[in-house]
Amino acid sequence: MSLDLNYLFENKTILKENWLFQLFYDDESASDFFGVSYYDTTVQSVDYKGCVINKATIRESIDLENSTAKTSNVSLSLANFIDADGTNFSRKLFGNTNKYINRKVKIFIQPDDTDDIDVCVLIYTGRLEQVSHNHEKINLSIVAKRPWDKISIPNQNDKTTNNVHKPVTYGDYLDSGTDADHYPLFKAHPIKYCTEINRIQYYLTGQGANGTKGALFWDKYLQQYAGVDSSSSTAGQILGENSLQFPITSTRSTKFFLTSIKPSTETPGSDSGWVDTANLFKDTGFAYLPAPNQSSGTTNKYLYINCPNFDGEATALTLKVDTQFYGTIGSANGFTLKFMWGDASSEWHSSAQNSYGTNDTENFSLDILSTYNSEGKNMMEYLTILCIFSGALHPNTHQIRVSNVRVEAVYKYPSDSYGKLDNTALEFLYSGGDGQISDIDESPITEIHEAHRDILHRYTSYASSNTPTNWSSGLNIDSVKDWKIRYSVLEPTPLIEVLEKLQYEGGFIGRFNGQGAYQYIFIPDSPSASVTLGKDDVSDINISLTPINGLTTKMDIEYEKHPAENKYLNTVASVSDTDSNLLSAYNIASNENVKRVTLEAYVSPTIPTSASSNKNDDFYSYYQSIIGEPRLIVNLTVINPKYLGLDVGDLVAYNDTFLPFNGSTGWDDYVFMITDVSRSVGSLKITLRDIENG
């Protein structure tokens, strides 16, 4: 959004421009500053010494490809003048009564020698970082001070008295109790080991209002979560922070499908003829085996199903299988089903059988704990299902159906490790409790931009009462962006790194403008210009294209990061519908200009294989609009004073009879975003990047 200008900038061909530099000292109150400028001037009874001898430059920029913003430092040179008391001004800046170092510096444009500071335009706020001088000159180094400087999260307030940092967690998670009768990968986040007291381990939750949700155990063998018994859901304070208890005697319980069938090429190998075997390993559908085409006799068919182990010692173990004989059973035919632990040619450690009637359904529940114990407390390598067909049968009218082949287990730490703390203290357990709630309105935080704003308020001096520009009006990020988050910060990380990660994955830029207002910037679905510049408003125009090496024809995107392992739950290769034409037009090989992206916070919307017509529908569609085709870059100098308030993020159009290159579109078809602004006294240079054409 453009900087606010006043009436003195309107309808001017030439504007007299002076810059005012307020060097604050001590407690930085409104009147605690010394004023310098390019020439002597007085504004609201404050004299500004005309001692600035260099042409200071302020540069601000945004990077749409990486969703970052930068504000330059300012170098200021002053004449080392003799002050009213007969001493050089350099003697006032350090070691004297007034303390200037690391105090605020404000820079204003003074138009037409106005004596009203409210008419002057604030364009920069920084801090005086360094001073040097000689006989004639003083050099001041002014840095763009931001509230996130030198701040990390989790911070000192987010740790226990034994110096363990709790996780900072955002997002909507799925608690284990919500879906206990099914077998999903619960949506969970890490909770962090803190300490062990009286054989009870404590884990820091990092959760929001529902921080009492119970713990989950990630079973690396099963590759899924196991719920921990109710003793783990006891929440309380430990060493000053919210935690969950995890007694060493706790048990874990889970239900898991077996994993895959052994193909006919292995030994032993399943008999051919089974259809839809993938349905054995989920809670919908079924696998089936058509009966043999026979008038009499007996036919045996074997199915060998691989079985994973689990990470612990079982205290209860049940095999469950749902089956049905589909077809008519009469006196001349029949069917029997048997289950065996391991190879059918060896001892049958556990078996069950049943004779079926017409369209009979049989749901088996077999206690296999005793066999597990007799096998040295090891799970079976595989389960054998023996189907015995007898009598007159036909594949078109008879079949056996099998589904929901699963194990229900309760297990614990192995008994030989009870006394060994180093064997039992896990660095992380997991929880389906939701993350932080907003410190602004106490609502759940489920979207990336919401977490970004909450972090800014929660960990910096930017007050929660401040509403950023383009939040609920203007670009209206809170309505347009619905990109969901699940994200944890486990160890102290520079705050700016966290903010910029969320900006990139959320498809927006956050920045403070020169007047101290925080704003969100992103490319809208249907951008429209708020200002149209003509050739009489500018000079020194130069037109170019974005570099071809920055063009991306394909993105390999991994997202929804796994909380327990170094992998991602979703992978997609996204290619623009126009990329085949781009490869040919710009002589790019099919394996070139491919970008790999890993997203740690973004979980939805689903990323498509080709871009949506609406840029903000998802991560790929947004960034493909930025780097998926060559874009026009226009550099120019603004000479019309009424446009000196233009700032990065502004949407502008340009009108000229001088057309860009030899394309099919003229200036009327382009909308640009300002991505770079360079201000110095009497000059405003800007860079425009095409965000919409045709």
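Our subject is the structure listed above.
Residues numbered from 1 in each chain as written. Predicted model: local features only at pLDDT ≥ 70, side-chain atom pairs only at ≥ 80, totals over all residues. Heavy atoms only, no water.

A. Inspection of the sheet that holds strand 9 (residues 121–133) at higher detail. Read across the sheet, eight strands follow the order 3-4-2-1-8-9-10-7 without closing on themselves; strand pairing throughout is mixed. For this open sheet the edge positions go to strand 3 (41–43) and strand 7 (74–79), each flanked by a neighbour on one side alone. The sheet shows a mean angle of 35° between the axes of neighbouring strands, taken without regard to direction. Pairing of strand 3 with strand 4 (residues 46–50), which is carried by three bridges, proceeds in the antiparallel orientation. Bridged to valine 43 within strand 4 is valine 46. (Pairing = 2+ DSSP bridges. Helix = DSSP H or I, 4+ residues; strand = E, 2+ residues; numbered from the N terminus. Axes fitted to C-alpha atoms, helices over the stretch in contact; angles between N-to-C directions.)

B. View of the nonpolar core. One finds Trp19, Ile557, Phe619, Leu646 and Ile686 to be the most contacted residues of the largest nonpolar core, which totals 106 residues. Top contributing element to this core by residue count: helix 8 (residues 619–627), with six residues. In contact with isoleucine 557, other than residues within four places in its own chain, are Asn570, Thr571, Val572, Ser574, Val597, Leu599, Ile607, Phe619 and Tyr620. Tyr203, Phe310, Val321 and Val407 belong to the second-largest nonpolar core, a separate cluster that totals 55 residues. (Core = buried A, V, L, I, M, F, W, Y, C linked by side-chain atoms within 4.5 Å. Buried < 20%, exposed > 50% of the residue type's maximum accessible area, 1.4 Å probe, protein only. Contact = heavy atoms within 4.5 Å.)

C. Local environment of the layout of surface pockets. For the largest pocket, the calculated volume is near 500 Å³. Lining of the largest pocket is provided by 26 residues; of these, Pro190, Ser488, Lys561, His562 and Pro563 occupy positions nearest its centre. Of the residues forming the lining of the largest pocket, the biggest block, four residues, is contributed by strand 30 (residues 484–489). When the residues that make up the lining of the largest pocket are grouped by side-chain class, the tally is 14 nonpolar, four polar and eight charged. (1 Å grid on protein atoms, 1.4 Å probe; cavity = no way out; pocket = protein on both sides within 12 Å on 5 of 7 lines; lining within 4 Å. Points joined across faces, edges and corners; volume = space filled by probe spheres on them. Nonpolar A, V, L, I, M, F, W, Y, C, P; charged D, E, K, R; others polar.)

D. Quick peek at the sheet that holds strand 27 (residues 382–391). One open sheet holds the five strands; their spatial order is 20-22-27-24-25, and the pairing between them is antiparallel. Taken across any chain shown, the strands that pair with only one partner, and hence form the sheet edges, are strand 20 (260–261) and strand 25 (353–355). Where strand 20 meets strand 22 (residues 298–306), two bridges bridge the pair, whose relative direction is antiparallel. The partner of isoleucine 261 across the bridge, within strand 22, is isoleucine 305.

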